[in-house]
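Overview (structure and organization)
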Amino acid sequence: MQLFNTASRKIEEFKPINPPEVSFYTCGPTVYDFTHIGHLRTFVNNDALKRTLNFLGYKVKHVMNVTDVGHLTGDSDEGEDKMEKGAVKKATTVWELARVYTDYFLSSIDELKIIRPDVLSNATAHIPEFIEMIKKLEDNGFVYQTDEAVYFDISKFPNYGKLSGQKLEDKKTAVREGVNIDAGKKTPADFALWFKAVGRFKDHTMRWESPWGVGFPGWHIECSAMCIKYLGETIDIHTGGIDHITVHHENEIAQSESVTGKQFVHYWFHNDFLLIDGQKMSKSLGNFYTIDDVKKRNINPIALRMLFFQTHYQQIMNFTWESLSSAQTAYIRLQNIIIELKEKTNNDDTPKEYSDEAKKLKASFTNAISYNLQIPRAMAILWETVKSNISDKEKLGLLLDFDQVLGLGFKDMKNEVGDIPEEILKLAQKREKARRDKDFNKSDEIRKEIEAKGYSIKDSDLGFEIKNQVA
């Protein structure tokens, strides 16, 4: 397999440390609010990478953190703790907030058929590990204390900035006015390993005893300590969004390598942003969408997964409800095709031998996913397979094989929708658009047209259901 490595800024041959085992760490959610579809795009792409590695014969051990303390509203140690701020806003406790939003995160990834990590590690359950790592950094001469916090001194780590390509001098000066709240900080870009329960954090709810006083860990130390605990001092793959590169992941590298003296990560895998109608997602713009917003529009969450697969993980993706609606139509069409193939082959998905054409299709699919996770190309090959002249048994076998990577749920598809002509699907799509536009007269007219052609349409939580009234 070949994969783009952020550290080298080029596509490299993937060579795991201990093949076929692959150590795989994902920066997980900070559970102060609902998981939105921008987060989900990142986790779907991470899932596709993990599934691809498994498909190619590797054995992946996947660890993901849940940040439930220490992540401030600014990455450079300014602002409030996101958990504390969220608890005040929701009039609840930080502990209950973490429980509710962790559950929401898990239910969201389940809806998208994202395979859960082997280890899901909450920061608040690993305070001793954080303290131990900070002590090692202190013993190695990389930290200093102020009245407010314990900081990592970036000037002691000459390679700071190697992931993002920023020079150490730039990191020392390129900080906004007013960010350096702690007057005792040597350099604005130095980052907190432990916050003391004093000053702005004197009333912080989450607090633990430490050698530096009562307080709580910084966000960056959490990922390093948990990654090393579960996967070792050097790991194969670390994933996250591109917004983590310049601060969070640079800090992870600095503190991890300062403790171990070893390379922390071999391959850095980063996903680009999701825009909403060309704009950044935000609650103030009214375009903050979750999996519930998808379901409220009668769209199956798997259609969102299919939509994500239309854009390569390294490219900015623009989300629109129209594009998601089209993905829903494609998903229903694919669902009908799978069910029809199952019926024609009596659900026999194991052809003894593939024809040359079928072998070429499988090779093309494998090549696509193996070269820097070209999932859009892999989806195109899926449709090529559907339209090909290979036998029904071969088609079903290949599609089920491909779905080990795509995760669209082909194996579980049952004859609940039936064989629906494309003409009816297009009418159903027009009706759905009319409903969204609140043009209920037009919606009703299209429903009658569908019924006149021998089909019924019924709205459900996960999309519209079409049935052949004759069948």
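Per chain, residues are indexed from 1 in the order of the written sequence. Confidence filtering applies because this is a predicted model: local features only for residues at pLDDT of at least 70, side-chain atom pairs given and counted only at 80 or more, and all residues used for totals across whole chains, interfaces and linings. Only heavy atoms go into the side-chain values, all of them from the structure, while hydrogens and water stay out.

On to the overall build of the protein. In this text, helices come from DSSP runs of H or I with a minimum length of four residues, and strands from runs of E with a minimum of two, each type numbered from the N-terminal end. Assigned secondary structure in the protein consists of 15 helices and 16 strands. Taken over the C-alpha trace, the protein has a radius of gyration of 25 Å; the compact-globule value for 471 residues is 23 Å, and the two agree within 12%. Its C-alpha atoms give the protein principal-axis dimensions of about 75 × 50 × 35 Å. Note on exposure labels: buried denotes an accessible area under 20% of the residue type's maximum, exposed denotes more than 50%, and partly exposed covers the range between, all computed with a 1.4 Å probe on protein chains only. Relative to its 471 residues, the protein shows a buried fraction of 55%. Whether two residues are in contact is decided by their heavy atoms: any pair within 4.5 Å suffices. Nonlocal contacts in the protein, meaning residues at least 24 apart in sequence, comprise 76% of its contacts between residues at least 6 apart. C-alpha atoms define the radius of gyration in this analysis, and the globule rule sets the expected value at 2.2 Å times the number of residues to the power 0.38.

This part covers the pairing of strand β2 (residues 10-13). In this sheet, β2 lies alongside strand β1 (residues 2-5) in antiparallel orientation, the contact comprising 4 bridges. Directly across from asparagine 5, in β2, lies its bridge partner lysine 10. Strand pairing follows a simple DSSP-based rule, namely that at least 2 bridges must link the two strands. Hairpin connection, β1 to β2: the antiparallel pair is bridged by 4 residues, and arginine 9 has positive phi, about 60°.

Further remarks concern the environment of glycine 409. The residue glycine 409 is located in the loop between α13 (392-406) and α14 (422-436) in this model. In the structure, glycine 409 is positioned 48 residues away from isoleucine 457 in sequence and 23 Å away in space, judged by C-alpha atoms.

Note on definitions: salt bridges are taken to be side-chain nitrogens of Lys or Arg within 4 Å of carboxyl oxygens of Asp or Glu. The final tally for this structure, using the stated rule, is 22 salt bridges. Across the salt bridge formed by aspartate 33 and lysine 283, the nearest N and O atoms sit 2.5 Å from each other. Of this pair, aspartate 33 sits in the loop between β3 (21-26) and α1 (37-55) while lysine 283 sits in the loop between β13 (279-280) and α8 (291-296), and the two are 250 residues apart along the sequence. Given the relative accessible area of 41%, lysine 283 is considered partly exposed.

Our focus in this paragraph is the sheet that holds strand β12 (residues 274-276). Working definition: the strands of a sheet are paired by backbone hydrogen bonds and lie parallel or antiparallel to each other. Reading across from one edge, β13-β12-β14 is the order of the 3 strands in this open sheet, with mixed pairing throughout. The two strands at the open ends of the sheet, each matched to only one other strand, are β13 and β14 (317-319). In the sheet, β12 pairs with β13 via 2 bridges, with the strands oriented antiparallel. Following the sheet pairing, isoleucine 276 is matched in β13 by glutamine 279. Set on the sheet, α1 makes contact with β12 and β14; between it and β12 the angle comes to about 150°. Think of each axis as a best-fit line through the C-alpha atoms, taken over the contacting stretch in the case of a helix, with angles from 0 to 180 degrees between the N-to-C directions.

Let us look at the packing of α1 against helix α9 (residues 301-308). Contact geometry for α1 and α9: axes closest at 10 Å, N-to-C directions at 75°. By the angle between their directions, the pair α1 and α9 is classed as roughly perpendicular. In this structure, α1 contributes Ile37, Leu40, Arg41, Val44, Asp47 and Arg51 to the contact, and α9 contributes Leu304, Arg305 and Phe308. Taken together, the residues that form the contact of α1 with α9 break down as 5 nonpolar, no polar and 4 charged. Note on angle classes: values under 35 degrees are labelled roughly parallel, values over 145 roughly antiparallel, values of 65 to 115 roughly perpendicular, and the remainder oblique. Each residue is assigned to one class: nonpolar for Ala, Val, Leu, Ile, Met, Phe, Trp, Tyr, Cys and Pro, charged for Asp, Glu, Lys and Arg, and polar for all the others, Gly among them.

This part covers the confidence of the model for the protein. Each residue carries a pLDDT value, the predictor's own confidence for that position, ranging from 0 to 100. Averaged over all residues, the pLDDT of the protein equals 92, while 95% of them reach at least 70. Counted against residues more than four places away or in other chains, residues 174-180, with its pLDDT under 50, gives 7 contacts.

Moving on, we get to the sheet that holds strand β8 (residues 191-196). The 4 strands are arranged β6-β7-β8-β9 in an open sheet whose pairing can be described as antiparallel. A single partner strand is all that each edge strand has here, and the edge strands are β6 (143-145) and β9 (215-217). Across the sheet, the axes of successive neighbouring strands diverge by a mean angle of 20°, strand direction being ignored.

Quick look at the packing of aromatic side chains now. Think of a pair of aromatic rings as described by two things: how far the centres are apart, and how the planes are tilted against each other in angle. For Phe, Tyr and Trp, where Trp contributes only its six-membered ring, two rings pair if their centres lie within 6.5 Å, and the inter-plane angle classes them as stacked under 30 degrees, edge-to-face over 60, or tilted in between. Enumeration over the complete set of coordinates arrives at 19 aromatic pairs. Relative to phenylalanine 191, the ring of phenylalanine 152 lies with its centre 5.0 Å away and its plane at 15°, an arrangement referred to as stacked. In this pair, phenylalanine 152 is assigned in strand β7 (residues 149-152) and phenylalanine 191 in strand β8, connecting sequence segments 39 residues apart. When sorted by exposure, phenylalanine 152 lands in the same class as phenylalanine 191, which is buried. Ring geometry for phenylalanine 319 versus tryptophan 321: centroids 5.1 Å apart, planes at 80°, classification edge-to-face. This pair shows no difference in class: phenylalanine 319 is buried, exactly as tryptophan 321 is. Just above the ring of phenylalanine 288 sits the side chain of lysine 283; from NZ or CZ to the centre is 5.0 Å. Between the NZ or CZ atom of arginine 297 and the centre of the ring of tryptophan 321, over which it lies, the distance is 4.0 Å. Either the NZ atom of lysine or the CZ atom of arginine qualifies as a charge over a ring when it sits within 6 Å of the ring centre and within 35 degrees of the ring normal.

Another aspect to go through is helix α12 (residues 375-387). Taking 1.5 Å as the rise per residue, α12 with 13 residues should run 18 Å; its terminal C-alpha atoms sit 19 Å apart, in good agreement. Among the residues making up α12, those that are buried are Ile375, Ala378, Met379, Ile381, Leu382, Trp383, Thr385 and Val386. A helix is expected to span 1.5 Å for every residue after the first.

Take unusual backbone geometry next. Residues proline 19 and proline 20 are joined by a peptide bond in cis, for which omega reads 5°. Note that proline 20 resides in the loop between β2 and β3. Its identity is not glycine, yet lysine 113 carries a phi of approximately 60°, on the positive side. Relative to the helices and strands, lysine 113 resides in the loop between α3 (94-111) and β5 (119-122). Positioned with a positive phi, asparagine 298 is a non-glycine residue whose angle comes to about 60°. Looking at the secondary structure, you find asparagine 298 in the loop between α8 and α9.

What follows is about the state of the cysteines. The disulfide criterion used throughout: a pair of cysteine sulfur atoms within 2.5 Å. Enumeration according to the criterion identifies 0 disulfides in this entry. There is no disulfide at cysteine 27, and the cysteine sulfur nearest it, in cysteine 223, is 3.9 Å away.

As for its position among the elements, asparagine 300 is in the loop between α8 and α9. Look at asparagine 300 and you get buried, because its relative accessible area is 14%. Any pair of nitrogen or oxygen atoms within 3.5 Å is treated as a polar contact; in protein, a donor-acceptor pairing is required on top of that, and neighbouring residues in sequence qualify only through side-chain atoms on both sides. Here the side chain of asparagine 300 touches isoleucine 302 through a polar contact of 2.9 Å, landing on its backbone nitrogen.

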